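A look at the structure
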Amino acid sequence: SHGIAYAGHDGIITSVNQAALDILGTTESEMIGSSVNSEEWKPVYEDASGLQPEDHPGFEAIKTGKPVHNRILGALNQETNTYTWLSLNSIPEFKPGESKPFRVCIIFTDISQLKNSQDELKLSQKVLKESLKKVEMSEFLLNEASKISKIGAYEYQNDGDQWFFSDQVYKIFGLPKSNPPPLKELSNIITVETNKRLIEASEKCMKQGVP
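Here we summarise the structure given alongside this text. (Residues numbered from 1 in each chain as written. Predicted model: local features only at pLDDT ≥ 70, side-chain atom pairs only at ≥ 80, totals over all residues. Heavy atoms only, no water.)

**With respect to the overall build of the protein chain**
Counting its secondary structure elements, the protein chain contains 8 helices and 7 strands. Taken against the 2.2 N^0.38 rule, which gives 17 Å for 211 residues, the C-alpha radius of gyration of the protein chain at 26 Å runs more than 25% over that of a compact globule. Projected onto its principal axes, the C-alpha coordinates of the protein chain cover approximately 80 × 35 × 35 Å. Burial status across the protein chain gives 35% buried among its 211 residues. For the protein chain, the share of sequence-separated contacts (at least 6 apart) that also reach a separation of at least 24 residues comes to 38%. As presented, the protein chain carries roughly 13600 Å² of accessible surface, and 53% of it is formed by carbon and sulfur atoms. Once the 22 positive and 29 negative side-chain charges of the protein chain are each reduced to a mean point, those two points are 5 Å apart. (Helix = DSSP H or I, 4+ residues; strand = E, 2+ residues; numbered from the N terminus. Rg over C-alpha atoms; globule rule 2.2 N^0.38 Å. Buried < 20%, exposed > 50% of the residue type's maximum accessible area, 1.4 Å probe, protein only. Contact = heavy atoms within 4.5 Å. Areas by Shrake-Rupley, 256 points an atom, 1.4 Å probe, with all protein chains shown as cover. Lys, Arg positive; Asp, Glu negative; His and termini not counted. Charge placed at Lys NZ, Arg CZ, Asp CG, Glu CD.)

Spelled out as C-alpha cells, the structure:
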C-alpha cells in the first residue's frame, strides 16, 4: 500500500513501485526521469499554498543528509485531476565512506480519505458554530445545521417538558422517527456512564446556567 520512489542526488526519479503509480495516477515511463518536485504534480501544503521546489522532502533529505518524516503534502493525481494527500518519509542513502547521500528513498501513503474527513469535520463545526451565533436554537436551525454538518443535536424545553431531536440524531443512532422522540431507546443504546454524564451536564446547564 506504500508508494516508493528512488531519486538520485539531483532529484531525478530512477525507479518506482506499482503502488506509487496507482496513488499518483501515472505510468512508470512518465515518472522515471522526472524530478521529485516536477511542476506537473503541483505540490501544495495542507493549507493549499504552493510548495517551493527546494522545500520538497526529497530534496530536503538530499541537502541535509537527514531523514524527513511524516510530511503532509498534496499532489495532483494525473488520472483524476484531483489532489491526492500524501504522508511522505524521505530517507537519504549513502555509499560507504561518503558523507553526502547519493540517492534518496521516498516512501508515501495515500491519506486522502483521512484528510478529507478532517476537513469536513472542521467545516461542519464552523458552520454549526456560526449558525448558532446568528439565531436562537430552534427546530428549523437544528435540522438545517445537522443536514449541513452531519452533527446531531437535541433540545429540551423545560417549560413544556418537550424534547426535540434533529434528523441527524435519528440517523446516527439508527432510531425510528417519532413524536415524542424515543428517549427510552436512546438511553438503552448509550452506556450507563454516558447516561450519567448527560444527566449531570443537563442539570448543571438548566439549574446553574453552565454550558
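Text resumes after the structure shown.
**Things to note about the packing of aromatic side chains**
By the definition in use, this model includes 3 aromatic pairs. Between Tyr154 and Trp163, the aromatic rings sit 5.6 Å apart at their centres with planes inclined by 40°, giving tilted as the arrangement. Judged by its relative accessible area of 35%, Tyr154 falls in the partly exposed class. Between Tyr154 and Phe165, the aromatic rings sit 5.8 Å apart at their centres with planes inclined by 55°, giving tilted as the arrangement. On the criterion of sequence distance, the pair formed by Tyr154 in strand S6 (residues 154-157) and Phe165 in strand S7 (residues 162-165) is long-range, its members being 11 residues apart. (Phe/Tyr/Trp six-rings, centres within 6.5 Å; stacked < 30°, edge-to-face > 60°.)

**Side note on the sheet that holds strand S1 (residues 3-8)**
Overall, antiparallel pairing links the 5 strands, which are arranged S2-S1-S5-S4-S3 in an open sheet. The open sheet terminates on both sides in strands that have one partner only, identified here as strand S2 (13-16) and strand S3 (68-76). Within the sheet, the average angular offset between the axes of one strand and its neighbour, ignoring direction, is 30°. Judged from the 8 bridges that link them, strand S4 (residues 83-93) and strand S5 (residues 103-110) form a sheet pairing that is antiparallel. In the strand pairing of S5, Ser87 is matched with Thr109. Here helix H3 (residues 57-64) sits on the sheet in contact with S1, S3, S4 and S5, set at roughly 145° to S3. (Pairing = 2+ DSSP bridges. Axes fitted to C-alpha atoms, helices over the stretch in contact; angles between N-to-C directions.)

**Description of the pairing of S4**
When you tally the buried positions in S4, you get 8 out of 11 residues, the bulk of the element. Judged from the 7 bridges that link them, S3 and S4 form a sheet pairing that is antiparallel. In the sheet register, Ile72 faces S4, and the bridge partner there is Ser87. In this antiparallel pair of consecutive strands, S3 and S4, the connection spans 6 residues, and Asn81 shows a positive phi of 60°.

**What to know about the pattern of salt bridges**
This model, assessed by the stated rule, comprises 3 salt bridges. One salt bridge connects Arg71 with Glu60, and the closest N-O pair in it is separated by 3.2 Å. Here Arg71, found in strand S3, pairs with Glu60, found in helix H3; they are 11 residues apart in sequence, far enough to count as distant. Here Arg103 and Glu93 are joined by a salt bridge, their closest N and O atoms 2.7 Å apart. One end of the pair, Arg103, is in strand S5; the other, Glu93, is in strand S4, and 10 residues separate them in sequence. For Arg103, a relative accessible area of 29% gives the class partly exposed. With relative accessibility at 22%, the residue Glu93 sits in the partly exposed group. (Salt bridge = Lys/Arg side-chain N within 4 Å of Asp/Glu carboxyl O.)

**Topic: the nonpolar core**
Judged by nonpolar contacts, the single largest core of 22 residues is most densely connected at Val16, Leu24, Met31, Leu86 and Phe108. The set of elements that each furnish at least two residues to this core consists of S1, S2, helix H1 (18-24), H3, S3, S4 and S5. With 4 residues, the single largest contributor to this core is H1. In this view, Val16 contacts Ile4, Ala5, Leu21, Glu28, Met31 and Ile32; residues no more than four positions away in its chain are not counted. (Core = buried A, V, L, I, M, F, W, Y, C linked by side-chain atoms within 4.5 Å.)

As far as function goes, none of this settles anything; it's purely spatial.
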